[in-house]
Each structure stands twice: as structure tokens, then as C-alpha cells.
Amino acid sequence: MPNPVPDLSSRLRRDLGTLESYAALIGILIGAGIFQVTSQAWALTGPSVILGYLLLTPAILATSIPYAAYLSTPLGREPGGEYLHISRTLKGLRLAYVGAWLKIISYIGAGAYLANAMAGYLIALSGNRLAAFRLPLALTALVVFYLIHVIGIRWFGRFQVLMSALKCLALLVLIVPGLFVLQSSNYVPFFTHGASGFGASLLPLFFAYAGFESIAQTAGEVKDSTHRLPRILLKGITITALFYVFTSVVTFGVLPGGRLQASSAPMAEVASIYLPAGAAKFVTIGAIAAIMTALNGTIFVPSRLAIMFVEDGLAPRWLGFINKATATPIRALTLTMLGCALLLLSGQLSLALNVAVFALVVLYFIHSLVFLFLPRLNPSLASEVEINLPRPVQQVAAVVSVLAMGLMIVIQLRQDAAVLTTQTLSQRINNQSLTSIELLIVWGVVGAGLYQLARMQRNVSKVDVHGD
């Protein structure tokens, strides 16, 4: 397989240790998911959101095992994640490129969403005095985190550690006292819209877990990444799941779901019920810290995928520029920030956000399916897996992941089919409610077109180099 720029990722600097890696993972997971999506999912299924988190945990852990296995191979030394895993297993770039392209779109949409969510919490913290400045606050947040990344990976790691510690402490302040003031009546009815409502809630709840795979994009900047990252991935997801379950238990046990759903800062409102004013404000600050760490990690991912595209000749070389002084891909980071800002300024956030979770679910499905066939498709790579799990356990995990992600895909397709049969295309466009499947097809076609263009340019470069 051609590799026109083989040493590009080696220019990154391995400044992240174990603590920073945990913070990078937990930082991106415990963000807007627990602080925003929990209340949104309540509208679909009520307090059974708690059960949704519990059921999703083994599915996510099963999905993470193929990632951990790949990260334990030499592929775990580069920041390509599933792009590298799929392309090197299949020995072809097309499917991996389109999947990674959809992931980039998802992360840019998530970045804009998180910046907007952070602005909402800052407004709540100010007592709504900053309500008129929501867009400037969101754009400022993007610029600040862009600058953190430009300065260097070490500062990214330090920020994640500091803010992750703050938000975990804030969650403990919320959870521990809250367990003693639960109202059992708030859990009844547990399923407010039956099995269909519960099934529909799984996709928005999945948003809370989506992004766990982003730890693979740090592989080029983590010390001893092939040994550290697999262990950090599995333990970090488990820690996150415990926070999710206990936070949702307290949330629904303290505050009626209707009030929770209507709040722009739900965790802050929960804390105000039973905590003194200072502690409640601290929880609000923790929520802001959570969204900050998620935004920080989200901005990180597209730029590292861009490096791999450049290495494989699928993106122009100028995009892979890495500053020698800071060891950061400044140009790719700039494009990521501009993409997020454009979505915020245009008000077309739904064009990227509505496809975000579905695109990642499809990517997880493909990744686990490819891993199932790894021994047959690439025996030499399979022999390099060093994760401390028996091969049968790895295979069972991949099967569970394929089934779980397949079920999520079916749920989304059924929801999309209902929308397609009840709304016209013009209605969906006017309401900014294009279905996930429509957006997936559109963005997928764009990605396939970019791949073909990059492939033609790569072939032209070969001709120029060889003088043919």
C-alpha cells in the first residue's frame, strides 16, 4: 500500500502519560452527554434512562475491545484509529476513508454543539445576564481551545487533567448527597412510552458514550501507547459508566423529569434542590468543566485523522504541516475550528449534528465486523495483537458489538422511515430535520467524491515523480 509521506506522524511529540490519557478519554465522554442528553432522553422514555445507560455499557465495552486489540499492535503507535485499523485489515483505503470522513463531519458537528452548550451553561452561571451573547460566547470557546491545541499537546493534556478532576469532584458533590434525598415517586412510571420509547431513547443516550474511540487518535502522542491505551480504554469506559448510572439515579430521583427537560442547565437545577448555594454553583462550574474537556477532545480528533490522510496521499501535503516548535498540526486544527465556527454562524448545526451519532454507530459496526475477519484477511496483523484477553473473548466481544450496533442502526432506520413517510422533503429542510440516513448518504457521497479526487491527484503525483 502506497505511503507517500511515511514519517509525518513521527513528528508528533509523545508528551501524554497515563494520567493525561485517562483525562483525554474521560474528558471527552463525561461532557454534554450526561449534562444535557439525559434530560432530553427523559422525554422519550422517562426514568428508564437509568436502564438505558446500564444496557449500553456492555455494548460499548464490547465495541471497545476490538479497538483495544488493534491499539496493542504496531498500529497503536499512530493516530489513525479505525481508519488505520480498517484500511490495513482490508488492504484498501476506500471504505476506511469514507468512514473516517463521516467521523470528521460528526466531530465538527459535535464541536459546534459543545461550544453552544458551553455558552448555555455560562449564561446560566451569569444569571442569564449574558443571554444576548450566546453566539459570541460559543465562538470564543472555539478560539480558546484552538489556541490550547496550537500551543502544544502537553497543554492539551494538562488542561484535560485539571478540568477532568474538577468535573469528577463536582459530580461526586452532586451524587453522594443526592443519594440520601431520592423520591421514589419520581421513578414512576418507569417506562413512560413503552418499549418503543425506550428503544428510541438509546440513540440519544448513545451520544453520551460516542467518542470513546477518540482515544485512538492520541496514539501518536502517548508514551508507550501500545501498552497503555488498551488498558486505559477499557477501565476509562467502566469509570464513565458508573458516573452515568449514579448521576441519572440522582437526577431523576430528585427532580421531576418535566422540570429537568425544560432546564437549560439541568444538573445545576438538580443541585439547587438539596445543596447550599455555593455547592450548587460548584456543580454548575463542574458542568462547564465537563463540556470544556469534551470540546477540547473533540477539536483534537479531525486534525489527527488529517495527518493519516496526508500520509496515505489522500489529502494535500500542506494540510499535514506540523509545527516544529509545538509539534502540532496547526493547519488541520485551523480548518477544524473554522468548520465548527461556520456551523455556528450559519445556524445549520443540524447538517452535521443530526448524522453524528448514527455515523459513529455505523463506523463502530464496520470496525467490529472487520475485526471479526482480521485473522483471515490479515493474519500477520492478527498475530501482533497483544491485548491481555483470550482470542475467543475478543471474538465474542466483536459479535456482541456487531449485534448491538446493528440493532441501533435498525432503530434509527425505523425512526427515519417514520419521518420520511409523514414529512415532505421541503418540510424537513425548512425544519432542519433531515433524517440521519439522508445526511449519511449525502455526506457519504461527498466523502466518496473526495476520495476519488484524492486518488486521481495521487496517481498524477506518481506520474510526475517517475517521469512517465
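Our structure is the block above this text.
The sections below set out a description of the structure shown in this document.

The rules behind the values
Sequence order as written defines the numbering, with residues in each chain counted from 1. Totals for whole chains, interfaces and linings use every residue, but because this is a predicted model, local features are given only for residues with pLDDT of at least 70 and side-chain atom pairs only at 80 or more, for both listing and counting. Side-chain numbers here rest on the full set of heavy atoms in the structure, without hydrogens or water. Working definition: helices are DSSP H or I runs of at least four residues, strands are E runs of at least two. Numbering for both runs from the N terminus. A radius of gyration in this sense is built from C-alpha atoms; the matching globule rule multiplies 2.2 Å by the number of residues raised to 0.38. Each residue's exposure class comes from its accessible area (1.4 Å probe, protein chains only) as a fraction of the maximum for that residue type: buried when under 20%, exposed when over 50%, partly exposed otherwise. Contacts are assigned to residue pairs with any non-hydrogen atoms lying within 4.5 Å of each other. The accessible surface values rely on the Shrake-Rupley method and a 1.4 Å probe; as for residues, cover is taken only from the protein chains in view. The criterion for an aromatic pair is that two Phe, Tyr or Trp rings (for Trp, the six-membered ring) have centres within 6.5 Å, with stacked assigned to planes under 30 degrees apart, edge-to-face to planes over 60 apart and tilted to the rest. Put simply, a salt bridge is a Lys or Arg side-chain nitrogen that is within 4 Å of an Asp or Glu carboxyl oxygen. Multiply 1.5 Å by the residue count of a helix minus one, and that product is the helix's expected span. Note on geometry: axes are lines fitted to C-alpha atoms, helical ones only across the stretch in contact, with angles between N-to-C directions running from 0 to 180 degrees. Between 65 and 115 degrees an angle is taken as roughly perpendicular, under 35 as roughly parallel, over 145 as roughly antiparallel, and anywhere else as oblique. Polar here means any residue other than Ala, Val, Leu, Ile, Met, Phe, Trp, Tyr, Cys and Pro, which are nonpolar, and Asp, Glu, Lys and Arg, which are charged; Gly is therefore polar.

### Digging into the overall build of the protein chain
- Tallying secondary structure elements over the protein chain gives 19 helices and zero strands in all.
- Compactness check: the protein chain gives a C-alpha radius of gyration of 22 Å against a globular reference of 23 Å for 468 residues, within 12% of the reference.
- With the C-alpha coordinates of the protein chain rotated into their principal frame, the extents come out at 75 × 50 × 45 Å.
- In the protein chain, which comprises 468 residues, the proportion classed as buried is 58%.
- In the protein chain, once contacts between residues fewer than 6 apart in sequence are set aside, the share between residues at least 24 apart is 84%.
- Accessible area of the protein chain: about 18,400 Å², with a carbon and sulfur share of 67%.

### So, the environment of alanine 112
- For alanine 112, the position within the fold is in helix H5 (residues 94–125).
- Given a relative accessible area of 0%, alanine 112 falls into the buried group.
- Residues within four places of alanine 112 in sequence aside, it is in contact with Cys340, Leu343, Leu344 and Leu349.

### What to know about the packing of aromatic side chains
- All told, the structure shown has 16 aromatic pairs when counted by the stated rule.
- Between phenylalanine 156 and phenylalanine 300, the ring centres sit 5.0 Å apart and the planes meet at 25°, which makes this aromatic pair stacked. Remark: phenylalanine 300 occurs in helix H12 (residues 277–311) and phenylalanine 156 occurs in helix H7 (residues 153–178); sequence separation between them is 144 residues.
- Exposure remark for phenylalanine 156: the relative accessible area of 2% places this residue in the buried category.
- Looking at phenylalanine 300, the relative accessible area reads 1%, which means it is buried.

### What about the pattern of salt bridges?
- According to the stated counting rule, one finds six salt bridges in the structure shown.
- We note a salt bridge from aspartate 15 to arginine 154, for which the minimum N-O separation is 3.3 Å. One end of the pair, aspartate 15, is in the segment before helix H1 (18–29); the other, arginine 154, is in helix H7, with 139 residues separating them in the sequence.
- Residue classification places arginine 154 among the partly exposed residues on the basis of a relative accessible area of 41%.
- Of the charged contacts in the structure, one is a salt bridge between aspartate 312 and arginine 88, with a shortest N-O distance of 2.9 Å. One end of the pair, aspartate 312, is in the loop between H12 and helix H13 (330–346); the other, arginine 88, is in helix H4 (residues 82–90), and 224 residues separate them in sequence. This pair shows no difference in class: aspartate 312 is buried, exactly as arginine 88 is.

### A short note on H1
- Between the first and last C-alpha of H1 there are 17 Å, a value that for twelve residues agrees with the 16 Å anticipated at 1.5 Å per step.
- With nine of twelve residues buried, H1 lies mostly within the body of the structure.
- For H1, the complete set of buried residues consists of Ser21, Tyr22, Ala23, Ala24, Leu25, Ile26, Gly27, Ile28 and Leu29.
- In this structure, the buried residues of H1 make contact with H5, H7, helix H8 (194–209), helix H9 (225–254) and H12.

### Looking at the packing of helix H6 (residues 134–151) against H13
- Running from N to C, H6 and H13 cross one another at 170°; their axes reach a closest spacing of 10 Å. Taken together, H6 and H13 sit at an angle that is classed as roughly antiparallel. Along the contact surface, H6 presents Leu135, Ala138, Leu139, Leu142, Tyr146, His149 and Val150, while H13 presents Ile330, Leu333, Thr334, Met337, Cys340, Ala341, Leu344 and Leu345.
- Looking at the contact of H6 with H13 residue by residue, the class counts come to 13 nonpolar, two polar and no charged.

As far as function goes, none of this settles anything; it's purely spatial.
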